[in-house]
Amino acid sequence: MTDKISKYNYPSSYTGGVKPMSIRGIFEDERIRLSEEFTDEERAWRKQWIKDQVLSPNEPRPESEEWIREVRNPIRRFLSKPWQLLESGLTPVVGKSVATHLRYMMPKSLVIIGAIYFTWYHLKYNQNDWTRAYGVTVFTPKPRAFPGDSNFPVKGDRTEPSDYHDRGFKSRNVFLD
């Protein structure tokens with residue numbers, strides 16, 4: 001078996017049973033471009049392909065209002081309007097790049113912070129106890145202790161069988177009679 005790479009037999013990867021296609025083709029490999037197999041017609045094609053990679057001066061083009069109105073639904077346009085105003089207000093102060101990054105990161109950060117606050121509130125004020133059948137049950141484990149530590153072996157807070165699944169019933173302040 002030879003190590004020579006055939007002109008149209010370059011390696012592929014499995015992509016759903018279809019071989020991927022490189023837009024560069026065999027011109028990607030410098031050895032093939034400099035070999036005798038590379039014809040003048042292929043050289044002209046390569047020269048034109050390199051010229052085609054140069055963008056025009058007006059690229060990339062900004063999104064027009066008409067295009068945004070056509071592509072995006074009204075709810076998305078309504079929710080993105082405050083962030084567009086923020087970006088347009090910050091652009092003269094901090095620059096286009098920083099304003100665009102802030103516009104991208106601020107809504108996502110607010111959603112993440114809101115989710116954290118909601119979860120914290122739910123865990124703090126809706127714990128499952130003996131008065132209700134819903135909510136989160138929070139268990140605290142015993143503190144760690146290894147042989148040789150001063151607090152080894154650690155006694156757990158559940159010493160009686162009735163302490164398991166108590167759900168705060170023993171420490172209640174109502175219905176004591």
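The numbers attached to residues start from 1 for each chain and follow its sequence in the written order. Only residues with pLDDT of at least 70 get local features here, since the model is predicted, and only at 80 or more are side-chain atom pairs given and counted; chain-wide, interface and lining totals rely on the full set of residues. Only hydrogens and water are set aside when side-chain values are computed; all heavy atoms of the structure are taken into account.

The name that an unreviewed UniProt entry assigns to the chain is NADH dehydrogenase 1 beta subcomplex subunit 6, with the source organism given as Nephila pilipes.

A. Focus on a nonpolar patch on the surface. A cluster of nonpolar side chains, L86, V93, V94, V98, L102 and M106, forms an exposed patch at the surface whose accessible area comes to about 460 Å². Secondary structure elements are taken from DSSP: a helix is a run of H or I of four residues or more, a strand is a run of E of two residues or more, and numbering for both begins at the N terminus. Residue assignment for the nonpolar patch shows that the elements contributing at least two residues are α4 (74–94) and α5 (96–125). Patch membership needs two things, relative accessible area over 30% and no salt bridge, and members are linked within 9 Å if like-charged or within 5 Å if nonpolar (Val, Leu, Ile, Met, Phe, Trp, Tyr). Methods summary: accessible areas were calculated by the Shrake-Rupley approach with a probe of 1.4 Å, and residue burial reflects only the protein chains presented. Salt bridge, as applied in this entry: a Lys or Arg side-chain nitrogen positioned within 4 Å of an Asp or Glu carboxyl oxygen.

B. Examining the confidence of the model for the chain more closely. In the predicted model, the chain carries a mean pLDDT of 83, and the fraction of residues at 70 or more is 85%. Mean pLDDT across the elements of the chain bottoms out in helix α1 (residues 30–33) (77) and peaks in α5 (95). pLDDT measures how confident the predictor is about each residue, on a scale from 0 to 100.

C. Focus on the packing of aromatic side chains. What counts as a ring pair is set by centres within 6.5 Å for rings of Phe, Tyr and Trp (its six-membered ring), and what kind of pair is set by the plane angle: stacked under 30 degrees, edge-to-face over 60, tilted for all other angles. All chains considered together, the criterion is met by three aromatic pairs. Centre to centre, the rings of W130 and F169 are 5.2 Å apart; their planes meet at 85°, and the pair counts as edge-to-face. Placement of W130 in the segment after α5 and of F169 in the segment after α5 is noted, with a sequence separation of 39 residues between them. Residue classification places F169 among the partly exposed positions, given a relative accessible area of 37%. Through a chain of ring-to-ring contacts, the aromatic side chains of W130, F169 and F175 assemble into a single cluster. Above the face of the Y104 ring, K108 is positioned so that its terminal group lies 4.2 Å from the ring centre. Classification of residues uses two cut-offs on accessible area relative to the type maximum, computed with a 1.4 Å probe and protein chains only: under 20% is buried, over 50% is exposed, and between them is partly exposed. Geometrically, a lysine NZ or arginine CZ counts as sitting over a ring once it is within 6 Å of the ring centre and also within 35 degrees of the ring normal.

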